[in-house]
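Examination of the molecular architecture
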Amino acid sequence: MFELRRLRMLHELALRGTIAEVAASLAYSPSTVSQQLSLLEREAGVALLEPDGRRVRLTPAGRMLAEHAARALELDEAARAALNTDLQAFEPVRIAAMPTAAEAIVPAALTILAERMPQLRVELAELPPEESLFELTARRFDLVIAEQYPGHTRERHDGVDHDLLGEDPIRIAMPPSEKPAPLRALRDRAWVMEPAGTAVRQWAVQQCRAAGFEPDVRFEADDLTAHVRLVEAGHAVAMIPDLIWGSSQPTTTLADLPGHPVREVFTAVRTAARDDDRIRVVRDALAEAFAAR
């Protein structure tokens, strides 16, 4: 009989690639992870790991068992969800949210939950979708709030359920002293965008190229609040989703982009936990908060 904790370590190794990263994710020392994987090899009766320079990699048997480990973890999660009938007994719901959702949606959702389910504990970490969706599959989080831009659909992982919260219009943000201008008129302006390699950066650059120019990306920042501050101060223009304003009035001049594009904001959970009452009530609160913003 395999121990589920050791199977999870093998599953994490298949995802993350190194024992050091597995140890950091699960809050163990690397020596503890190595020891537990050695014990798992004894239980399996076959070699699961082999040397790869200074690291290790999974053998064919190791990869096969890691696939079974993923299914075992899903069954364990589904069984726990089915047995949860008292909110007092629930474990915390761990949420990873993109910055705009963490600022504009989550606080209102927590207020709803505090009124309806005060015994339910919710924990939040702010992460970009590229990282949070991976960590969802690795079981670091129970629920992720993420987005996808037109023509840049997020990768669909096996065993993950997506649910659309709604659409979020994207507009050009210009200094408040200026009048709205079309995108093509901003070819000579300095831009602030997200870091290179992100889906939103690729999308924004494509909008500029479709308008006939290569943007002068002079400033890079993950946090859209930094984008707004640079625009407010007159140092840049940007493409900003409406969610950044929450229930407040915009502090910059806004202009429509060609085609009036919107990004899709969604929640993602592991399919095995989709029917867990904890997940259901949190998803409902997030949907209500998004609709009321």
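Throughout what follows, the structure given in this document is the object of discussion. (Residues numbered from 1 in each chain as written. Predicted model: local features only at pLDDT ≥ 70, side-chain atom pairs only at ≥ 80, totals over all residues. Heavy atoms only, no water.)

The subject of this paragraph is the nonpolar core. If you look at the biggest cluster of nonpolar residues, it comprises 27 residues, and the most contacted ones within it are Ile105, Leu143, Ile145, Val282 and Leu286. For this core, the secondary-structure elements that each account for two or more residues are strand E3 (93-97), helix H5 (99-104), helix H6 (106-116), strand E5 (143-148), strand E11 (262-270) and helix H10 (277-292). When residues in this core are grouped by element, the largest group, seven residues, is from H10. (Core = buried A, V, L, I, M, F, W, Y, C linked by side-chain atoms within 4.5 Å. Buried < 20%, exposed > 50% of the residue type's maximum accessible area, 1.4 Å probe, protein only. Helix = DSSP H or I, 4+ residues; strand = E, 2+ residues; numbered from the N terminus.)

Tallying each qualifying case throughout the model produces one cavity of 30 Å³ or more. Estimated volume of the largest cavity: approximately 40 Å³. Together, Val192, Met193, Glu194, Val200, Ala204, His227 and Met239 line the largest cavity. Elements represented by at least two residues in the lining of the largest cavity include exactly strand E7 (190-193) and helix H8 (199-210). (1 Å grid on protein atoms, 1.4 Å probe; cavity = no way out; pocket = protein on both sides within 12 Å on 5 of 7 lines; lining within 4 Å. Points joined across faces, edges and corners; volume = space filled by probe spheres on them.)

Moving on: the pattern of salt bridges. Applying the stated criterion across every chain, the model contains 31 salt bridges. Taken together, the salt bridges that share partners define one network made up of Arg8, Glu12, Arg16, Glu131, Glu135 and Arg140. (Salt bridge = Lys/Arg side-chain N within 4 Å of Asp/Glu carboxyl O.)

Residue alternation in strand E9 (residues 238-241) divides its side chains into two sets, Ala238 and Ile240 and Met239 and Pro241, and both sets are buried. Here four bridges tie strand E6 (residues 160-174) to E9, and the two strands are oriented antiparallel to one another. Counterpart to Ala173 in the pairing with E9 is Ala238. (Pairing = 2+ DSSP bridges.)

Taken together, the buried positions of H6 are Val106, Ala109, Ile112 and Leu113. Along the axis of H6, the buried positions cluster into a sector of 120 degrees, meaning they face one direction only. Summarising the contacts, the buried residues of H6 are in contact with E3, H5, strand E4 (122-126), E5 and H10. (Arc of directions from axis to C-beta. Contact = heavy atoms within 4.5 Å.)

Purely geometric stuff here, so don't read any function into it on its own.
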